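Fold and contact review
Below, each chain spelled out in residue letters.
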Amino acid sequence: MRIETGEYMKIRHILKITYMEINQHLFNFIITTFMLGVSFGLLFISFTVLGQYGYKLIKNQSVLSVPASQLYVINLDYYKWFSLDTAKDMYEFIYSLNDKEQGICAGLSFPGALNEDIDVYCISKELLPVGKLTDTQGTAAVLEDGESVIVGYELGKRYPVGSRIVDENSGNVYNVTQVLRRGSEWLPPNAAKGGIEEAVRLDNCLIMDADAYVRTNGYLSILATSDTVYCYQPELGEEEINAYIDQKAEVYGMRVYHTISLQKAAWESLLEIPQTYSVDIGLITIMTIISVIAIFISILISNDYKKQMFGILLSCGWTGRDIRVMTLLECASRVVLALLGAILGSYFYITYAYGAENEVIHQAYFILLPVLILVAAGFLILCNSWSVHRLAIQKPKDLIGGMYKE
Amino acid sequence: MIWLKNVSKRYVGDEFDVLALNHINLEIQAGEFVAITGASGSGKSTLLNLIGCMDSASEGELYIDSLPLHQANTGKLDQIRKQYISFVFQHFALLPEFTVYENVEIPLLARSYQRKERRERIREALKRLGIEKYEKKFPDQLSGGQQQRVAIARALVADSPIILADEPTGAIDTKNTEQLMEFLSEINKNGKTVIVVTHSDFVADYAKRVIQLNDGLIIRDSGKEEKSHEKNNQ
Ligand SMILES: Nc1ncnc2c1ncn2[C@@H]1O[C@H](COP(=O)(O)OP(=O)(O)O)[C@@H](O)[C@H]1O
Ligand SMILES: [Mg+2]
């Protein structure tokens, strides 16, 4: 009779049969685990993206200081993807819509979108390029006196109150009189942490913000509320404002696909998300369904198979402890694979679907990564321990039961 | 070596309450070749499972080498099974996704043999049963008789002192049955205790001792008869 030569040997042998087992089901193993990981990753990323989108929509609307019935939306679907030059043209067009006499104010929802490569514009009474800025919060609006300027929170760090900003285009010099802060005259208390992050009613001008970024392919991609232009006009009716925009559009050679309509309720806008992201959502749904079905099939089928296998192993001199260690190792390799899938899958998803330069998403991704790890690991451990538990409470005799049947 | 004292096994569930073994007393010495016979449902497998540490008794005392099975917890039973028992099953109980070689390796993995020694032992066992050329084949590529030989090789390879076989010939033809029983006899001659469950008289004839069960009771034990013969002759 041989007596075992210690735990180390044992682990090696358990590893061997774990390896043997995984090897036998390699295809199944990789498909179920990796796919699950990938879809978990994608799911998390899309929740971040869509969540951000929905959040913005609701926030934007709740902080508006004008009645929604007087806020019109020009839907510029056409401009969803456009080159930087076109974007610049559009800025000019939007700016041209501002008409003090008629009391019309127009604001683009991404006033500082073109931040890295070209100057930041602010849709205000005057265009004010303020150098290369990295954030939409770096917008500045010139006030009515033509000398004072009010800056966003980020810009305020570089240009505190009392300092001066030089418009590089016109050479005009402006005094910074105020930095937008939460609770200030310009930013309602429930607005975000600072800057022109939310809709702000600036004098007669409405400025909104959303996220947009330059893709690696040189095109501008717009997230959130950004394919819309908000137009505030308290006196004219819908038709007049339509005519006004159409006329301006002709002058600027702009194609406005949809004429203005009343601002939708937040939940209506939210309902539009699936349309906007239909491809992404479809992809994620398919991936998730396939992998969840696959993982369940794998759990259910392998439960029957494992039941026999464990019974056979026990009858061959394996101990319950050996089997638990084996299952643990198998689970561990599943978790590692799933995490790999999650990390790779979501990384490529971000890079190719949303562009590598989107910092917000990247940040969100890395903040979410630990959560991703926990959830993927937790899910698999849960699945595994559930099936192991079901087997562990049975007697060896019942495990191998099928083998006895006459 | 194996000693059962007043052992009962009761299966109780919502819809059933079966007394599968009814106060069994039994002693099996090391090196015996025992056949357990009886009608289907008479408790043969239940008895074998108890001896093989695959299940625990509802009542009574069981010992293997004076180790009390009835007092052992699951972990302890695992250890005793590992030390003493090897199984052969009616439907072979081979792992379908593993090769012949890997199947025979399983008991050795549980007992932490070095790789080289494992290989030697596996080759030797396969050779002894004349199936060395199927080493890399999978169970479903073999005939029933060949599969049962793999199962016997697996039972032999770990060198356990007790071999338990539950209807080992139930799924193979007559010719293979004969060969299989020859193997088991040979194993027994080499000093192993062999206990075979069967309802075939042909198979039982190979055993030196036949225990017949009916409704959970031992109704005949040729071992005891011999002993009483001996006593009577003295
Ligand atoms: N797990 C179980 N649950 C309930 N009853 C069982 C179970 N296993 C066996 N039995 C019952 O115990 C009796 C003896 O069964 P078994 O030992 O398998 O008989 P044999 O092997 O002689 O055919 C039978 O009546 C059978 O139905
Ligand atoms: Mg039986």
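Look a little higher up for the structure.
Below is a short write-up of the structure. Keep in mind that what you see is a predicted model, and the values were worked out from it rather than measured. (Residues numbered from 1 in each chain as written. Chains lettered and ligands numbered in written order. Predicted model: local features only at pLDDT ≥ 70, side-chain atom pairs only at ≥ 80, totals over all residues. Heavy atoms only, no water.)

**Looking at unusual backbone geometry**
Residue and element names in this part refer to chain B. Operational definition: Under the DSSP-based scheme used, a helix requires at least four consecutive residues in state H or I and a strand at least two consecutive residues in state E, with every element numbered from the N terminus. Between buried and exposed lies partly exposed: a residue is buried under 20% and exposed over 50% of the maximum accessible area for its type, with that area taken using a 1.4 Å probe on protein chains only.
You will see that Asp 65, though not glycine, has its phi angle at about 55 degrees, which is positive. By the element assignment, Asp 65 lies in the loop between strand S4 (59-64) and strand S5 (67-68). Owing to a relative accessible area of 37%, Asp 65 belongs among the partly exposed residues under this scheme. For Glu 167, which is not glycine, the phi torsion reads 50 degrees and is therefore positive. Exposure remark for Glu 167: the relative accessible area of 5% places this residue in the buried category.

**Considering the site of ligand 1**
Residue and element names in this part refer to chain B. Quick note on the threshold: Note on terminology: near, applied to a residue and a molecule or strand, indicates that one of the residue's heavy atoms is within 4 Å of it. Between N or O atoms, a polar contact is any pair within 3.5 Å; within protein, one atom must be a potential hydrogen donor and the other a potential acceptor, and residues adjacent in sequence are included only when both atoms are from side chains. Using a 1.4 Å probe, the Shrake-Rupley method yields the accessible areas, and only the shown protein chains count as cover for residues. Amino acids outside the nonpolar list (Ala, Val, Leu, Ile, Met, Phe, Trp, Tyr, Cys, Pro) and the charged list (Asp, Glu, Lys, Arg) are all regarded as polar, and Gly is one of them.
Of all residues adjacent to ligand 1, which total 15 residues, the nearest are Gly 41, Gly 43, Lys 44, Ser 45 and Thr 46. Within the backbone of Ser 42, a nitrogen or oxygen atom sits 3.2 Å from an oxygen atom of ligand 1. Starting from 550 Å² of accessible surface for ligand 1 in isolation, the protein chains cover 71%. If you tally residues by element for the shell around ligand 1, the top one is helix H1 (residues 44-51), at 3 residues. Partitioning the shell around ligand 1 into residue classes produces 5 nonpolar, 6 polar and 4 charged.

**Some remarks on the pairing of S4(B)**
All names here are of chain B. The condition is simple: One requirement defines pairing of two strands: DSSP has to find at least two bridges between them.
Here strand S1 (residues 2-12) pairs with S4 via 5 bridges, running antiparallel. Among the inter-strand pairings, Ile 2 is bridged to a residue of S4, identified as Ile 64. When S4 meets S5, the two strands line up antiparallel, connected through 2 bridges. Within S5, the residue paired with Tyr 63 across the bridge is Pro 68.

**Topic: the packing of aromatic side chains**
All names here are of chain B. Put simply, the rule is: Only centres within 6.5 Å qualify two rings of Phe, Tyr or Trp (six-membered ring in Trp) as a pair; their planes then separate them into stacked at under 30 degrees, edge-to-face at over 60, and tilted for everything else.
On inspection of all chains with the given rule, the structure shows 3 aromatic pairs over all chains. Here the aromatic rings of Phe 87 and Phe 89 are separated by 5.4 Å at their centres, their planes lie at 10 degrees, and the arrangement is stacked. No difference in accessibility class separates Phe 87 from Phe 89, as the two residues are buried. Each ring, one from Phe 202 and one from Tyr 206, has its centre 5.7 Å from the other, and the planes form 80 degrees; the classification is edge-to-face. For Phe 202, a relative accessible area of 38% gives the class partly exposed.

**Considerations on the pattern of salt bridges**
Residues and elements named next belong to chain B. Note the cut-off: The rule for a salt bridge is simple: a side-chain nitrogen of Lys or Arg has to be within 4 Å of a carboxyl oxygen of Asp or Glu.
Overall, the coordinates contain 12 salt bridges over all chains when judged by the stated rule. Across the salt bridge formed by Glu 61 and Lys 5, the nearest N and O atoms sit 4.0 Å from each other. Residue Glu 61 is found in strand S4, and its partner Lys 5 is found in strand S1; the two are separated by 56 residues along the sequence. In this structure, Lys 116 and Glu 120 form a salt bridge, with 3.7 Å as the shortest nitrogen-oxygen distance. One end of the pair, Lys 116, and the other, Glu 120, are both in helix H4 (residues 115-128), 4 residues apart, so they sit about a helical turn from each other. Glu 120 sits in the partly exposed class, given a relative accessible area of 45%. Through salt bridges with shared partners, one network takes in Glu 32, Arg 209 and Asp 221.

**Section: a nonpolar patch on the surface**
All names here are of chain A. Rule in force here: Surface patches are drawn from residues lacking salt bridges whose relative accessible area is over 30%; two like charges belong together within 9 Å, two nonpolar side chains (Val, Leu, Ile, Met, Phe, Trp, Tyr) within 5 Å.
Together, Leu 340, Leu 344, Tyr 347 and Phe 348 give the surface a local cluster of nonpolar side chains, amounting to about 370 Å² of exposed area. Mapped onto the secondary structure, Phe 348 falls in helix H8 (residues 320-353). Using a relative accessible area of 43% as the deciding quantity, one classes Phe 348 as partly exposed.

**What about the sheet that holds strand S3 (residues 33-38) of chain B?**
Residue and element names in this part refer to chain B. Which entries qualify depends on this criterion: Axes here mean lines fitted to C-alpha atoms, for a helix over just the part in contact, with angles spanning 0 to 180 degrees between N-to-C directions.
If you trace the 6 strands from one edge of the open sheet to the other, you get S6-S7-S8-S3-S9-S10, paired in mixed fashion. Each edge of the open sheet is held by one strand with a lone partner, namely strand S6 (85-89) and strand S10 (217-221). The sheet shows a mean angle of 20 degrees between the axes of neighbouring strands, direction not considered. The pairing of S3 with strand S9 (residues 209-214) spans 5 bridges and is classified as parallel. The residue of S9 that forms the bridge with Gly 38 is Leu 213.

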